[in-house]
Amino acid sequence: TQSTRPQRMLAAVQKNATRGDPRSVVKAIDQFCRQKEWAMNVGDEKGCILDSVVSEVNPATVLELGTYCGYSTVRIASLLPPHAKLITLEFNPDNAVIARQVIAWAGLEDKIQLVEGASGDWIPKMKEEFGVKTFDLVFLDHWKDRYLPDTKLMEECGLLRKGSILLADNVICPGTPDYLEYVRNSPRYKSQYFKSHLEYTKVEDGLEKSVFLG
Ligand SMILES: O=C(NCCNC(=O)c1cc(-c2ccc(F)cc2)cc(O)c1O)c1cc(O)ncn1
Ligand SMILES: [Mg+2]
């Protein structure tokens with residue numbers, strides 16, 4: 001039977017990356033996507049901006065919305081301090097199967113908790129299910145029409161504290177106009193746009209970094 005793109009991406013990781021070496025996993029996926037097949041990972045250009053924000057925030061608790069195959073999950077977790085935890089939500093069970101194996105190849109299982117299901121269902125249960133108080137950093141990379149409702153839900157559930165950072169992918173392409181309008185005009189956020197390109201292309205895209213002011 002025909003393999004899927006995530007399955008071919010995992011095969012490229014297992015062939016070209018070194019077990020236990022997260023950066024080699026990131027490199028193998030980027031090479032696969034540049035040389036073989038485009039895929040919707042945040043990619044190496046926006047990935048460098050992601051790295052700099054993660055390093056600056058040095059978060060103890062991270063929430064990622066939209067795991068896909070685990071590229072940004074591994075990229076973020078490889079920069080976390082010891083004992084820091086990353087929870088990543090993935091809606092699509094087939095993607096979750098692949099992401100778990102990518103995370104295992106990188107040797108980052110102890111830092112990452114992959115949760116399957118819809119963000120809207122899981123966000124209200126974060127505190128009781130995972131003992132999370134608030135998130136220091138949230139990386140939004142799931143369905144683009146879920147960025148705004150899920151941000152409001154995180155506010156309502158008390159998952160953001162003064163200084164929590166939201167970093168959103170694809171605010172230009174595919175675009176998240178209602179989310180951008182909200183974080184750029186709400187008095188509760190200080191927002192900054194990092195201009196870049198859609199992964200592995202010359203199309204404009206960017207990341208929006210927003211500090212929750214409480
Ligand atoms: O997370 C879920 N889907 C992937 C979200 N991510 C994207 O859609 C995404 C798309 C693109 C993209 C850009 C240009 C283009 F021509 C085609 C795709 C780029 C990106 O960087 C993304 O991140 C999901 C699934 C589901 O069934 N339910 C809840 N969530
Ligand atoms: Mg994305």
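See the structure above.
Values in this document were obtained by computation on a predicted structure and should not be read as measured data.

Visitor: Got a sec to walk through the overall build of the protein chain? Specific residues and values, please.
Guide: Tallying secondary structure elements over the protein chain gives 10 helices and 7 strands in all. For 214 residues, the compact-globule estimate of 2.2 N^0.38 gives 17 Å, and the C-alpha radius of gyration of the protein chain, at 16 Å, lies within 12% of that figure. Expressed as lengths along the three principal axes of its C-alpha atoms, the size of the protein chain is roughly 50 × 40 × 35 Å. Burial analysis of the protein chain (214 residues in total) assigns 54% to the buried set. Entry remark: accessible area of the protein chain is about 9800 Å², with carbon and sulfur atoms responsible for 54%. Positive and negative charge centroids in the protein chain, built from 27 and 29 side chains respectively, lie 4 Å apart.

Visitor: So, the environment of G66: which residues are in play, and what are the values?
Guide: Summarising the element assignment, G66 is placed in the loop between β1 (61–65) and α4 (71–77). Considering only alpha carbons, one finds G66 and K195, 129 residues apart in sequence, at a separation of 21 Å. If sequence neighbours within four positions are ignored, G66 has contacts with L89, E90, D141 and H142.

Visitor: Explain helix α5 (residues 93–106) residue by residue, including any values.
Guide: The end-to-end C-alpha distance of α5, which contains 14 residues, comes to 20 Å, matching closely the 20 Å that a straight helix rising 1.5 Å per residue would cover. Taken together, the buried positions of α5 are N95, A96, I98, A99, V102, I103, W105 and A106. Close packing links the buried residues of α5 with α1 (5–16), α2 (22–35), α4, β2 (85–90) and β3 (112–116). Residue N92 occupies the N-cap position of α5, its side-chain oxygen lying 2.8 Å from the main-chain nitrogen of D94. Of the residues flanking the end of α5, it is G107, one or two places downstream, whose phi is positive at about 75 degrees.

Visitor: Could you give an account of the packing of α1 against α5, with specific residues and numbers?
Guide: As a packed pair, α1 and α5 sit with axes 10 Å apart at the nearest point and diverge in direction by 10 degrees. Classed by the angle they form, the pair α1 and α5 counts as roughly parallel. Residues P6, Q7, L10, V13 and Q14 of α1 form the contact with α5, whose participating residues are N95, I98, Q101, V102 and W105. The class makeup of the residues in the contact of α1 with α5 is 6 nonpolar, 4 polar and no charged.

Visitor: Can you tell me about the coordination of the magnesium ion (ligand 2), naming the residues and giving the values?
Guide: Octahedral metal centres with six donors ideally show angles of 90 or 180 degrees, and tetrahedral centres with four donors ideally show 109.5 degrees. Only D141 (OD), D169 (OD) and N170 (OD1) from the protein reach the magnesium ion (ligand 2) as donors, at distances of 2.0 to 2.2 Å. Mapped onto the sequence, the donors of the magnesium ion (ligand 2) take the spacing D-x27-D-N. Within this pair, whereas D141 is found in the loop between β4 (135–140) and α8 (147–156), its partner N170 is found in the loop between β5 (160–168) and α9 (171–175), the two being separated by 29 residues in sequence. In this structure, D141 and N170 share a single accessibility class: buried.

Visitor: Requested: an account of the site of ligand 1, with residues and values cited.
Guide: The environment of ligand 1 is formed by 13 residues, the closest being D141, W143, K144, N170 and E199. D141 is positioned with one of its side-chain polar atoms (N or O) 2.8 Å from an oxygen atom of ligand 1. Contact distances for ligand 1 include 3.0 Å between an oxygen atom and a side-chain N or O atom of K144. Contact with the protein chains hides 73% of the accessible area of ligand 1, taken as 640 Å² for the molecule alone. Within the shell around ligand 1, the residues separate by chemical class into 7 nonpolar, 2 polar and 4 charged.

Visitor: So what's going on with the pairing of strand β6 (residues 189–197)? Which residues, and what values?
Guide: Two strands pair when backbone bridges link them, and β6 and strand β7 (residues 204–212) are joined in this way by 9 bridges, in the antiparallel orientation. Bridged to K190 within β7 is V211. Hairpin connection between β6 and β7: a loop of 6 residues separates the two successive antiparallel strands, and Y200 in this loop has a positive phi of roughly 65 degrees.

Visitor: Please provide a residue-by-residue account of the packing of aromatic side chains, values included.
Guide: One pair of aromatic rings is described through two measures. These are the centre distance and the angle between the planes. Tallying each qualifying case throughout the model produces 5 aromatic pairs. With a centroid separation of 5.6 Å and an interplanar angle of 40 degrees, the aromatic rings of W122 and F130 are classed as tilted. With relative accessibility at 17%, the residue W122 sits in the buried group. Directly above the ring of W122 sits K125, whose terminal nitrogen or CZ lies 4.4 Å from the centroid.

About the thresholds
- Residues numbered from 1 in each chain as written.
- Chains lettered and ligands numbered in written order.
- Predicted model: local features only at pLDDT ≥ 70, side-chain atom pairs only at ≥ 80, totals over all residues.
- Heavy atoms only, no water.
- Helix = DSSP H or I, 4+ residues; strand = E, 2+ residues; numbered from the N terminus.
- Rg over C-alpha atoms; globule rule 2.2 N^0.38 Å.
- Buried < 20%, exposed > 50% of the residue type's maximum accessible area, 1.4 Å probe, protein only.
- Areas by Shrake-Rupley, 256 points an atom, 1.4 Å probe, with all protein chains shown as cover.
- Lys, Arg positive; Asp, Glu negative; His and termini not counted.
- Charge placed at Lys NZ, Arg CZ, Asp CG, Glu CD.
- Contact = heavy atoms within 4.5 Å.
- Expected span 1.5 Å × (residues − 1).
- Polar contact = N/O pair within 3.5 Å; in protein donor to acceptor, adjacent residues only side chain to side chain.
- Axes fitted to C-alpha atoms, helices over the stretch in contact; angles between N-to-C directions.
- Parallel < 35°, antiparallel > 145°, perpendicular 65-115°, else oblique.
- Nonpolar A, V, L, I, M, F, W, Y, C, P; charged D, E, K, R; others polar.
- Donors = N, O, S within 2.8 Å, 3.2 Å for Na, K, Ca; no water.
- Near = heavy atom within 4 Å.
- Pairing = 2+ DSSP bridges.
- Phe/Tyr/Trp six-rings, centres within 6.5 Å; stacked < 30°, edge-to-face > 60°.
- Lys NZ or Arg CZ within 6 Å of the ring centre and 35° of its normal.

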